[in-house]
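Examining the three-dimensional arrangement
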There are 2 protein chains.
Amino acid sequence: MTETALAPVRTKPSFKAQMLQAREDAIIAAVNRLLAEKGFDAMTVDEVAAEVGIAKASLYKHFPSKEDLACAAMVRVMRRAQAFLASLPADGRPLEQIKAVARWTMELQLAGEMPSLPSQNSSLRATLMNSADYMNGLIEISDRLGRWIEAAQSEGSINPALPPLAVLYTLYARACDPVLEFLKASGQFSDAQIIELVMSTCFEGLEAR
Amino acid sequence: MTETALAPVRTKPSFKAQMLQAREDAIIAAVNRLLAEKGFDAMTVDEVAAEVGIAKASLYKHFPSKEDLACAAMVRVMRRAQAFLASLPADGRPLEQIKAVARWTMELQLAGEMPSLPSQNSSLRATLMNSADYMNGLIEISDRLGRWIEAAQSEGSINPALPPLAVLYTLYARACDPVLEFLKASGQFSDAQIIELVMSTCFEGLEAR
DNA sequence: GTCTATAGACCGATAGAC
DNA sequence: GTCTATCGGTCTATAGAC
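Residues numbered from 1 in each chain as written. Chains lettered and ligands numbered in written order. Predicted model: local features only at pLDDT ≥ 70, side-chain atom pairs only at ≥ 80, totals over all residues. Heavy atoms only, no water.

As named in an unreviewed UniProt entry, chain A is TetR family transcriptional regulator, taken from Tibeticola sediminis.

Structure representation (structure tokens):
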């Protein structure tokens, strides 16, 4: 990838690649939406092709299987999460950083942009674990959250009796918490109210303080 | 169905019905196990028949569709829940009753006996909502929990700022909380420890008190 | 001999793959 | 746009109870 100022030629292949990239982005966005709306099992690749407006065969030029489609959507949301983490003020208190992340995942879910996968599907698990992009993203995010969790426990803002892993999993679980959709379906609360309610039960618990 | 003391004949049809009932119980138990293990979509009715050790056609003598199989499993777990509720001491404090129920659902899940259904499947939803057994059970359980929640909020043991519905949904969500399986998969905790951890995050929250 | 319930082949539709 | 596998659901011949 060495470039000099004398080689503007590069723009032509770049244009083709750009189109390819744009279509891939459109595919992933469609997959992301459908995964959020109906989940992996209920999503068909015909739907994906129809939503993107391309032939099913073209899909397979980009992604070798349905699992890889889902994986690409997960990588995308992981990158968005990493971008969000990077956008946080570096000097925030650890508990505030953690809360900001939790709130962000819930907003994503309420906006219908959080892909949901069945946790039991083994072929899907295998695809995800074989994806370096996915695993690296997951590990980096977990490391970052893990450091904040430990810092928050050290300063006494998060319950130090909890194993950091349990805190981490509890945060991840909020990203696919069915309580959000149930409360939304009840029609009694605004999105903002729903998020505040779940934030409260998550961080303050059900018991009165 | 008029019977007199002169008609001991009645034991014969009763025996037949008993066998029929026993097989139905076996079917539902198998469905329950498979639903807990792999979920509704991944479960095939061939598997169910194989697990019970009967022919698939015989399954359809008892239950007209796969959805009805799942519904029967849900009714079963609902009845177990009702039996558990009935077994609780009537004089317990509301918060303790609620905690006992939460703990019970988690134990069921860790034991691999909590059937899990996709919340988006519409034909399944329709079957469940058309089942009087299911709906009545669900409503009775919700009513009971609802009364305890309001009592606990009145006496100040559960955060009175939370809408009772939000508390109810939060409790229901613990019955299918993925945190349990994740913590179990980590191999670092016993079942009892996992339950205490999730009970703590649920009722006391992540923040230190 | 009749009748019920079973076993297992079979069908049609759907969806993933190419 | 075709191929094939899978799966929900059905059909039929048969075995066994009475």
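Let's pick the thread back up.
Another point: the packing of helix 5 (residues 94-110) of chain B against helix 7 (residues 132-154) of chain B. Packed helix pairs are characterised by how far apart their axes lie and by the angle those axes make with each other. Residues and elements named next belong to chain B. Close contact between helix 5 and helix 7 brings their axes to 8 Å; oriented N to C, the two are set at 135°. Relative to helix 7, the element helix 5 lies oblique. Considering how the two elements wind past one another, helix 5 and helix 7 form a crossing that is left-handed. Contact with helix 5, carried on its side by Pro94, Leu95, Gln97, Ile98 and Val101, involves Leu145, Trp148, Ile149, Ala151 and Ala152 of helix 7 and no other residues of that element. (Axes fitted to C-alpha atoms, helices over the stretch in contact; angles between N-to-C directions. Helix = DSSP H or I, 4+ residues; strand = E, 2+ residues; numbered from the N terminus. Parallel < 35°, antiparallel > 145°, perpendicular 65-115°, else oblique. Left-handed = near helix turned anticlockwise from the far one by under 90°. Contact = heavy atoms within 4.5 Å.)

A few words now on empty space enclosed by the protein. Scanning the entire structure with this criterion turns up 2 cavities of 30 Å³ or more. The computed volume of the largest cavity comes to approximately 170 Å³. Taken together, 17 residues form the lining of the largest cavity, with A:Arg174, A:Thr201, A:Cys202, B:Thr170 and B:Arg174 sitting closest to its centre. Contributions of two or more residues to the lining of the largest cavity are made by helix 8 (164-174), helix 9 (178-186) and helix 10 (191-203) of chain A together with helix 8 (164-174) and helix 10 (191-203) of chain B. A total of 4 residues in the lining of the largest cavity trace back to one element, the largest contributor, which is helix 10 of chain A. When grouped by side-chain class, the residues that make up the lining of the largest cavity number 9 nonpolar, 4 polar and 4 charged. Looking at the lining of the second largest cavity, the elements with two or more residues in it are helix 8 of chain A together with helix 8 of chain B. (1 Å grid on protein atoms, 1.4 Å probe; cavity = no way out; pocket = protein on both sides within 12 Å on 5 of 7 lines; lining within 4 Å. Points joined across faces, edges and corners; volume = space filled by probe spheres on them. Nonpolar A, V, L, I, M, F, W, Y, C, P; charged D, E, K, R; others polar.)

Let us look at the interface of chain A and chain B. Taken together, the contacts link 44 residues of chain A with 44 residues of chain B. Summing both partners gives a buried area of about 3,600 Å² for chain A against chain B, and 63% of it is carried by carbon and sulfur. It is A:Tyr169, A:Leu206 and A:Glu207 in chain A that bury the most area against chain B; as a group they hold 20% of the surface buried on that side. Joining chain A to chain B, the criterion identifies 2 salt bridges. Residue B:Lys99 pairs with A:Glu207 through a salt bridge whose shortest N-O separation is 2.9 Å. (Buried area = accessible area lost by both parts, 1.4 Å probe. Salt bridge = Lys/Arg side-chain N within 4 Å of Asp/Glu carboxyl O.)

Locating B:Glu207 in the fold gives a position in the segment after helix 10. Within polar-contact distance, the side chain of B:Glu207 engages the side chain of A:Lys99 at 2.9 Å. Once residues lying within four places of it in the same chain are set aside, the contact partners of B:Glu207 are A:Leu95, A:Lys99, A:Ser157, A:Ile158, A:Asn159, A:Phe203, A:Glu204 and A:Arg209. (Polar contact = N/O pair within 3.5 Å; in protein donor to acceptor, adjacent residues only side chain to side chain.)

This next bit is on the UniProt feature "domain: HTH tetR-type" (unreviewed entry) in chain A. The UniProt entry lists residues 21-81 of chain A under the feature "domain: HTH tetR-type" (unreviewed entry), expressed in the numbering used here. Taken as a whole, residues 21-81 of chain A contains 87% helix and 0% strand, while its terminal C-alpha atoms sit 21 Å from one another. (UniProt positions renumbered as here; feature names shortened; annotations may be inferred.)

Burial of nonpolar side chains together is a common tendency in soluble globular proteins. In this structure, A:Leu183, A:Phe203, B:Leu183 and B:Phe203 are the most contacted members of the largest nonpolar core, which totals 94 residues. In contact with A:Phe203, other than residues within four places in its own chain, are A:Leu95, A:Ile98, A:Lys99, A:Ala102, A:Leu171, A:Arg209, B:Glu204, B:Gly205, B:Leu206 and B:Glu207. (Core = buried A, V, L, I, M, F, W, Y, C linked by side-chain atoms within 4.5 Å. Buried < 20%, exposed > 50% of the residue type's maximum accessible area, 1.4 Å probe, protein only.)

Burial analysis of helix 8 of chain B places 8 of its 11 residues in the buried class, which makes it a mostly covered element. Looking at helix 8 of chain B, one finds that the buried residues are B:Ala166, B:Val167, B:Leu168, B:Tyr169, B:Thr170, B:Leu171, B:Ala173 and B:Arg174.

On to the relation of the copies chain A and chain B, then. Each copy superposes on the other: chain A lies on chain B with an RMSD of 0.1 Å after a rotation of 180° and an axial shift of 0.2 Å. Taken together, the turn and the small shift mark the pair as related by a two-fold rotation axis. Closest approach to the rotation axis within chain A is made by the C-alpha atom of A:Gly205, at a distance of 1.8 Å. Of all interface residues in chain A, 100% are interface residues in chain B too; the two copies therefore contact each other through one and the same surface. (Least-squares fit on C-alpha atoms with pLDDT ≥ 70 in both.)

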